[in-house]
Amino acid sequence: MLQDIEPHLACPHCAQHLALDGRTLRCPAGHSFDQARQGYVSLLPGDAHTGTGDTAEMVAARSDFLAAGHYRPVAEALADAAAAAPGDLSDGLVADLGAGTGHYLAHVLDRLDGPAGAALDISKYALRRAAKAHPRIGAVVCDAWRPLPLLDDCADLVLNVFAPRNGPEIRRVLRPGGRLLLVAPTSRHLRELVSGLGLLSVDEEKERRIDEKLSPWLGLIDRTEVEFTLRLSHRDAAAVVGMGPNAWHTGPDRLAAALAALPEPVEVTGSVQLAVYG
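Analysis parameters
- Residues numbered from 1 in each chain as written.
- Predicted model: local features only at pLDDT ≥ 70, side-chain atom pairs only at ≥ 80, totals over all residues.
- Heavy atoms only, no water.
- Buried < 20%, exposed > 50% of the residue type's maximum accessible area, 1.4 Å probe, protein only.
- Helix = DSSP H or I, 4+ residues; strand = E, 2+ residues; numbered from the N terminus.
- Pairing = 2+ DSSP bridges.
- Right-handed = clockwise from strand over helix to strand, strands pointing away.
- Axes fitted to C-alpha atoms, helices over the stretch in contact; angles between N-to-C directions.
- Parallel < 35°, antiparallel > 145°, perpendicular 65-115°, else oblique.
- Left-handed = near helix turned anticlockwise from the far one by under 90°.
- Contact = heavy atoms within 4.5 Å.
- Nonpolar A, V, L, I, M, F, W, Y, C, P; charged D, E, K, R; others polar.

### What about the pairing of strand S6 (residues 116-121)?
Line of reasoning, step 1. With six of six residues buried, S6 lies mostly within the body of the structure.
Line of reasoning, step 2. Burial of S6 is two-sided: the residues Ala116, Ala118 and Leu120 facing one way and the residues Gly117, Ala119 and Asp121 facing the other way are all buried.
Line of reasoning, step 3. Looking at chain direction, strand S5 (residues 93-97) and S6 are connected through five bridges and run parallel. For Val94, the partnering residue across the bridge sits in S6 and is Gly117.
Line of reasoning, step 4. For the segment spanning S5, helix H4 (residues 103-111) and S6, crossover handedness is right-handed.
Line of reasoning, step 5. Bridge count between S6 and strand S7 (residues 137-141): five bridges; the pairing is parallel. What sits directly across from Ala119, in S7, is Ala139.
Line of reasoning, step 6. Taking the sense of rotation as the criterion, the β-α-β connection linking S6, helix H5 (residues 124-130) and S7 turns out right-handed.

Next up, the structure:
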């Protein structure tokens with residue numbers, strides 16, 4: 001709910017605190033932002049472009065795939081890492097940058113006792129679902145590459161799961177001693193579908209590149225590999241293609257033909273790195 005995260009919100013125009021007045025957020029400079037009837041609020045500046053956000057079709061595919069539990073090992077590992085974070089998070093904030101439908105943020109909030117959750121994403125279609133994913137989630141449309149609409153030093157944890165990483169902004173909003181929990185695919189992730197369906201592959205240097213880009217602002221504390229086996233129907237395989245970047249590059253006819261050539265169910269490797277930075 002917006003009232004849970006309101007103490008931490010900043011105006012995208014002037015960076016002053018936003019206060020909730022009914023269903024409207026207002027700052028001392030007079031900027032105001034109305035909550036949509038679907039539960040989220042847009043804090044995008046007027047010149048922002050939303051063309052990179054997930055479409056309604058991509059969001060539906062992700063929602064169905066995650067609801068089936070295929071990525072449960074990822075969600076559980078993330079919740080374990082959140083529970084192991086230092087400090088008392090009971091009245092704090094967990095900010096999920098690139099939250100999508102709020103699936104992972106909801107798992108973390110279920111594990112923790114009391115903190116609010118800010119679901120930050122550029123896709124209003126995703127945030128319609130995130131706003132309803134957990135009673136303590138407030139959903140905010142924003143651009144990960146612009147200044148985040150959060151106050152300085154307000155977040156105890158920042159989550160970043162298969163999402164853009166803005167190092168200086170993550171550092172700014174993290175409180176001293178706070179942690180970034182970052183999940184990224186390894187080069188083995190979905191490798192059977194990558195080869196069988198001609199999908200985009202993950203760079204083997206991805207881990208090193210992430211560390212280098214974050215190193216001016218955050219230091220690596222720990223890294224854990226989470227690897228598991230998925231048994232996917234052709235429909236599930238199509239969903240995992242349709243919910244991510246491959247959706248922009250794979251036509252439905254070509255995908256259907258390639259899926260028909262695979263066994264059903266098809267065994268697929270899930271492989272991610274969970275890194276903790278602070």
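### Here we look at the packing of helix H9 (residues 234-242) against helix H10 (residues 252-260)
The geometry of a pair of packed helices is captured by two quantities: the angle between their axes and the separation between those axes.
Line of reasoning, step 1. At a minimum axis distance of 11 Å, the contact between H9 and H10 shows a crossing angle of 140°. With respect to H10, the axis of H9 lies oblique. The element H9 and its partner H10 pack so that their crossing is right-handed. Here H9 contributes His234, Ala237, Ala238 and Val241 to the contact with H10, which in turn contributes Leu255, Leu259 and Ala260.
Line of reasoning, step 2. Classifying every residue of the contact of H9 with H10 gives six nonpolar, one polar and no charged.

### Quick look at the sheet that holds strand S4 (residues 41-42)
Line of reasoning, step 1. Spatially, the eight strands line up as an open sheet ordered S4-S7-S6-S5-S8-S9-S11-S10, and their pairing is mixed. The sheet terminates laterally at S4 and strand S10 (220-232), the two strands that pair on one side only.
Line of reasoning, step 2. Where strand S9 (residues 174-185) lies against strand S11 (residues 266-277), six bridges are found, and the strand directions are antiparallel. Residue pairing for S11: Leu180 is matched across the bridge by Tyr277.
Line of reasoning, step 3. Packing against the sheet, helix H3 (residues 72-83) makes contact with strand S8 (155-161), S9, S10 and S11, and its axis sits at approximately 165° to S9.

### Comments concerning the sheet that holds strand S2 (residues 24-26)
Line of reasoning, step 1. Strand order in the open sheet made by the three strands is S1-S2-S3, with antiparallel pairing throughout. Of all the strands in the sheet, just strand S1 (19-21) and strand S3 (32-34) have a single pairing partner and so form its edges. Along the sheet, successive strands turn relative to each other by an average axial angle of 30°, direction set aside.
Line of reasoning, step 2. Here S2 pairs with S3 via three bridges, running antiparallel. Across the sheet, the residue bridging to Thr24 is Asp34, located in S3.

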